[in-house]
Amino acid sequence: MRISVKTFLPLLTGGLFLFCAAARADEGMWLPMFLKQNEARMQELGFKLTAEDVYDVNASSLKDAVVIFGGGCTGEVVSPQGLVFTNHHCGYGYIQEHSSLEHDYLTDGFWAESLRDELPCPGLKVRFLKEMRDVSEVMLAGLERNDDGTPVAENVRRDSIDARSRRLMKEAAQGEEIRVVPFYYGNQYFLFVYEVYEDVRLVGAPPSNIGKFGGDTDNWMFPRHTGDFSVFRIYADTANRPAPYSPENKPYSPKRYFKIDLRGCEEGDFTMVIGYPGRTQEYLSSYGVEQVLNQEDPMRIEARTLRLEVIKAAMNRDAKTRIQYAAKAASIANGWKKWIGEAKGIERLDVVGSKREYEKLFGEWTATPEGAAYASVLPALQEAYEGFGAVQGEAIVFQEYVLAPEAVRFAYSFKALCEAAEKAASGEEGAVEKFAEILRKRQTAAEDFYKNYNPEVDREIFEKMAARQAEKSSAAVPDPSQINLFYTKSVFTQPQKMLALLQDFKPAQRKTILNDPLYRYALSVYNRYITHTVPAVALYRRQIDSLQRVYMRGQMEMQKSSGPETFYPDANFTMRVAYGQVNGFSPSDALVCKPYTTLKGIMEKENPDIYDYVVEERLKELYRNADYGRYANKKGEMPVAFIGTNHTTGGNSGSPVLNAEGNLVGINFDRNWEGTMSDIRYDAQMCRNIMLDIRYCLFIIDKFAGARRLIDELEFVEN
Ligand code: ARG
Ligand code: ASP
């Protein structure tokens, strides 16, 4: 079926925000299906291909080599045998799963010597986009007005949309998955068909001191020297179809794979990123931005600052704790650091002020007959956000304060076991088996949990958070004697006792859990959250979403007549294309950043005493001998990372970075800290995406790890 671009254009072609049209030059995350509208601009920047080369439902195109990797990353196929590149931080969990004290792949790296040595990763899936389709008509028919002309009630609309998308999703064939996704806050709906491969194996990963070099210290920053990549392979059945893991499966033979260009990119060169950006909010009202700036970001930052202080101090005191808390600290710090950068960026650009100005124009437009239908939407949004603040505050307190001590969530996770025990004790049909099954899961969960748990650290977190929580929330906060009880009497904070209890746990023993002080506390805080906070937040969320849908449409209508610029839809974890150029930037007064880093910078950062900056002898030796083979740049340097003006966000990690000819030159992995407000407002001056130079990735595979068999299956473009 040929899909027409025309159906989409009437809605898309409006102007963008008038006041900053110039600065918005090449921002945007574009739907590949409608890339025609960007083609001329892309070619002006150097792109040598056409929109159809990127996305064509009738022929093989670049999009066929891009996958959703796992739950929230992107990956790309790079060989005729289904080899996939993604980030180290995207493969992290799977590398960790295969790591043990004897084979610590996380620390030492891993390179499968043959196909037989590639390691299955249960639960890991990759998804190929087969096609996308506009289903707005099917989804939205009759949902604007009732027969008598009154507007359709929001709850009726919601229920119909749920039912309709469920119906569409059911049409998925074997091995396929269908997702129906709202665009422009539900003004449009698109359907995406994915082919899902579930036998994906770990092929290679560099040691963490390469794959995570710079750790949290360098995270969200440039200059950057992280070799953030890992290598997987897709397997398929003998007919090349998706299939569950089987030793009989064969390496997948892809429709398309990327060729690798070893000539690299220089300042000013065209680049394009195809991937799965997760979430942006470019069309919020000033009230929405204020909510992020004045409440969400500061509350979360404050809570995590406290939590990280305790964890970091404990990690510095003790090597075991350092290992136990490394991954946790990384994930807590990732959001923390991003929000700090985001809030600063919103302030610096005075996003609230400029949105207010824009809203004034919008208000003037709604006073004209054309815009009259939208006259009440901004005042209604303002009112909704006023009410939302208080309930949202409660939700954040729960997520960032109440759940900061890990024992609380862990204790609550035993609720299902207690309930199953209750039923088993009452002799209900099949209940004993169910209980045994849940118990087994809890036993594994407990072992995993305690492996990386230190009750002393957790207690300190509890005490620190509780002391601050009282001033933020109306909910009761445990006093010091209660907290003392949690960490002296509760079975949940005593690993040995708990593991022993679970070993031969009988339904009658549920009383031990039911009477446990920490379990009772967890139950009460969760109950309050679930029955009180969640519904209140949902009520406002739905109201705001509905208003935002109307406001979005209003914004598009207002600017329909005023310019050639186009609204790109907010990110929603569907495939997008971002394009731009390799470009340095100036993070602050007097500082100018070049657009790329080299191996020399790794040697400069080296510090054997600081975990994040350890460099292995083997890498130093390659550096000393300048043994870079075909991977050096023209100047003879070993490039590591580079930056550009491609508009990306979380989820774009692992995305292929392509040059003007559509060949692979890098792997996207991060953004610069000064540009993290791009999820709310993109600034061409300040926002840069950070990409791993593909030549560093290959240098590590080839020269550092000696994994020649992988190099041999790639296809290169070079002089
Ligand atoms: N900031 C990057 C992203 O948002 C990388 C995160 C992983 N690295 C880390 N040090 N926590 O995903
Ligand atoms: N590091 C992010 C990711 O994992 C990318 C970003 O936020 O720019 O997707």
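Residues numbered from 1 in each chain as written. Chains lettered and ligands numbered in written order. Predicted model: local features only at pLDDT ≥ 70, side-chain atom pairs only at ≥ 80, totals over all residues. Heavy atoms only, no water.

Q: How would you explain the layout of surface pockets if you had to name every residue and give the values?
A: Of the volumes computed, that of the largest pocket is approximately 1600 Å³. Breaking the lining of the largest pocket down by element, the ones donating at least two residues are α4 (88-97), α5 (105-108), α8 (208-211), α9 (215-218), α10 (286-317), α11 (319-348) and α16 (431-451). Ranked by residue count, the leading element in the lining of the largest pocket is α11, at 13 residues. Tallied by class, residues from the lining of the largest pocket come to 16 nonpolar, 14 polar and 13 charged. (1 Å grid on protein atoms, 1.4 Å probe; cavity = no way out; pocket = protein on both sides within 12 Å on 5 of 7 lines; lining within 4 Å. Points joined across faces, edges and corners; volume = space filled by probe spheres on them. Helix = DSSP H or I, 4+ residues; strand = E, 2+ residues; numbered from the N terminus. Nonpolar A, V, L, I, M, F, W, Y, C, P; charged D, E, K, R; others polar.)

Q: If you had to explain the site of ligand 2 to someone new, which residues and values would you point to?
A: If you check the shell around ligand 2, you find His89, Trp220, Thr649, Gly650, Gly651, Asn652, Ser653, Phe669, Asp670 and Arg671 and nothing else. At 3.1 Å from an oxygen atom of ligand 2 is found a main-chain nitrogen or oxygen belonging to Gly650. A distance of 3.0 Å is found between a nitrogen atom of ligand 2 and a backbone nitrogen or oxygen belonging to Phe669. Alone, ligand 2 offers 270 Å² of accessible surface; in the complex the protein occludes 89% of this. A molecule is said to occupy a pocket when more than half its atoms come within 2 Å of that pocket's grid points, and by this definition ligand 2 occupies the second largest pocket. Of all the elements, strand β18 (residues 664-671) adds the most residues to the shell around ligand 2, at 3 residues. (Near = heavy atom within 4 Å. Polar contact = N/O pair within 3.5 Å; in protein donor to acceptor, adjacent residues only side chain to side chain. Areas by Shrake-Rupley, 256 points an atom, 1.4 Å probe, with all protein chains shown as cover. Sits in = over half its atoms within 2 Å of the grid points.)

Q: Outline the site of ligand 1, supporting the account with residue identities and numerical values.
A: Around ligand 1, a shell composed of His89, Lys212, Gly215, Asp216, Asn219, Trp220, Ala330, Asn334, Phe669 and Asp670 is seen. The side chain of Asp216 places a nitrogen or oxygen atom 2.9 Å from a nitrogen atom of ligand 1. Take Asp670: an N or O atom from its side chain is 2.9 Å from a nitrogen atom of ligand 1. Protein chains bury 85% of the 340 Å² of accessible surface belonging to ligand 1 in isolation. The cavity where ligand 1 resides is the second largest pocket. Elements with a contribution of two residues or more to the shell around ligand 1: α9, α11 and β18. Taken together, the residues of the shell around ligand 1 sort by class into 3 nonpolar, 4 polar and 3 charged.

Q: Explain the state of the cysteines to me, and be specific about the residues and the numbers.
A: Counted according to the given criterion, the structure contains 1 disulfide. Covalently, Cys73 is tied to Cys90 through a disulfide, its sulfur atoms 2.1 Å apart. Taking the torsion about the S-S bond as the criterion, the Cys73 to Cys90 disulfide, at about -75 degrees, is left-handed. Remark: Cys90 occurs in helix α4 and Cys73 occurs in strand β2 (residues 73-77); sequence separation between them is 17 residues. Take Cys73 and Cys90: they sit in the same class, and that class is buried. Free cysteine: Cys265, not disulfide-bonded; nearest cysteine sulfur from Cys697 at 15 Å. No disulfide involves Cys697; its sulfur sits 13 Å from that of Cys90, the nearest cysteine. Exposure remark for Cys697: the relative accessible area of 0% places this residue in the buried category. (Disulfide = S-S within 2.5 Å. Buried < 20%, exposed > 50% of the residue type's maximum accessible area, 1.4 Å probe, protein only.)

Q: A description of the confidence of the model for the protein should follow, citing residues and the corresponding values.
A: The pLDDT averaged across the protein works out to 94; a share of 96% of its residues lies at or above 70. Note that residues 1-24 has pLDDT below 50 and, in this model, 66 contacts with residues that lie over four places away or in other chains. (pLDDT = per-residue confidence, 0-100. Contact = heavy atoms within 4.5 Å.)

Q: Describe unusual backbone geometry, and please don't skip the residues or the numbers.
A: Cis peptide bonds are those with omega within 30 degrees of zero, and the linkage from Phe222 to Pro223 qualifies with 5 degrees. Along the chain, the position of Pro223 falls in the loop between α9 and β10 (230-236). The phi torsion at Tyr184 lies on the positive side, around 45 degrees, for a residue other than glycine. With respect to the helices and strands, Tyr184 occurs in the loop between β7 (176-183) and β8 (188-197). Residues other than glycine seldom take positive phi values, yet Trp220 does so here, at roughly 60 degrees. For Trp220, a relative accessible area of 8% translates into the label buried.

Q: So what about the pairing of strand β9 (residues 199-205)? Which residues, and what values?
A: Taking burial as the measure, the 7 residues of β9 include 7 buried ones, the bulk of the element. Where strand β4 (residues 110-111) and β9 come together, 2 bridges link them in antiparallel fashion. By the bridge assignment, Phe110 is partnered in β9 with Ala205. Strand direction decides the pairing type here: strand β5 (residues 119-120) and β9, joined by 2 bridges, are antiparallel. When the bridges of β9 are listed, Pro120 appears paired with Arg201. Two strands pair when backbone bridges link them, and β9 and β10 are joined in this way by 5 bridges, in the antiparallel orientation. Paired with Val200 across the two strands is Ile234, which belongs to β10. (Pairing = 2+ DSSP bridges.)

Q: I'd like to hear about the packing of helix α17 (residues 455-469) against helix α18 (residues 480-488), residue by residue, with values.
A: Put simply, α17 and α18 touch, their axes get as near as 10 Å, and they point 165 degrees apart. Here α17 is positioned roughly antiparallel relative to α18, judged by the angle of their axes. Between α17 and α18 lies a crossing of right-handed hand. Of the residues in α18, those touching α17 at Pro455, Asp458, Arg459, Phe462, Glu463 and Ala466 are Ile483, Asn484, Phe486, Tyr487 and Thr488. (Axes fitted to C-alpha atoms, helices over the stretch in contact; angles between N-to-C directions. Parallel < 35°, antiparallel > 145°, perpendicular 65-115°, else oblique. Left-handed = near helix turned anticlockwise from the far one by under 90°.)

Q: So what's going on with the packing of aromatic side chains? Which residues, and what values?
A: The tally for this structure, following the rule as stated, stands at 43 aromatic pairs. Considering the side-chain rings of Tyr276 and Phe573, the 5.6 Å spacing of their centres and the 50 degrees angle between planes classify their relative orientation as tilted. Taken together, the residues span a long stretch of sequence, with Tyr276 in the loop between β13 (270-275) and α10 and Phe573 in the loop between α21 (517-559) and β14 (576-581) at a distance of 297 residues. The exposure class assigned to Tyr276 is buried, which follows from its relative accessible area of 0%. Taken together, the ring pairs in this structure connect Phe34, Phe183, Phe190, Phe192, Tyr194, Tyr276 and Phe573 into an aromatic cluster. (Phe/Tyr/Trp six-rings, centres within 6.5 Å; stacked < 30°, edge-to-face > 60°.)

Q: Could you give an account of the side chain of Gln324, with specific residues and numbers?
A: Along the polypeptide, Gln324 turns up in helix α11. Setting aside chain neighbours within four positions, we find Gln324 in contact with Tyr450, Lys451, Asn452, Tyr453 and Asn454.

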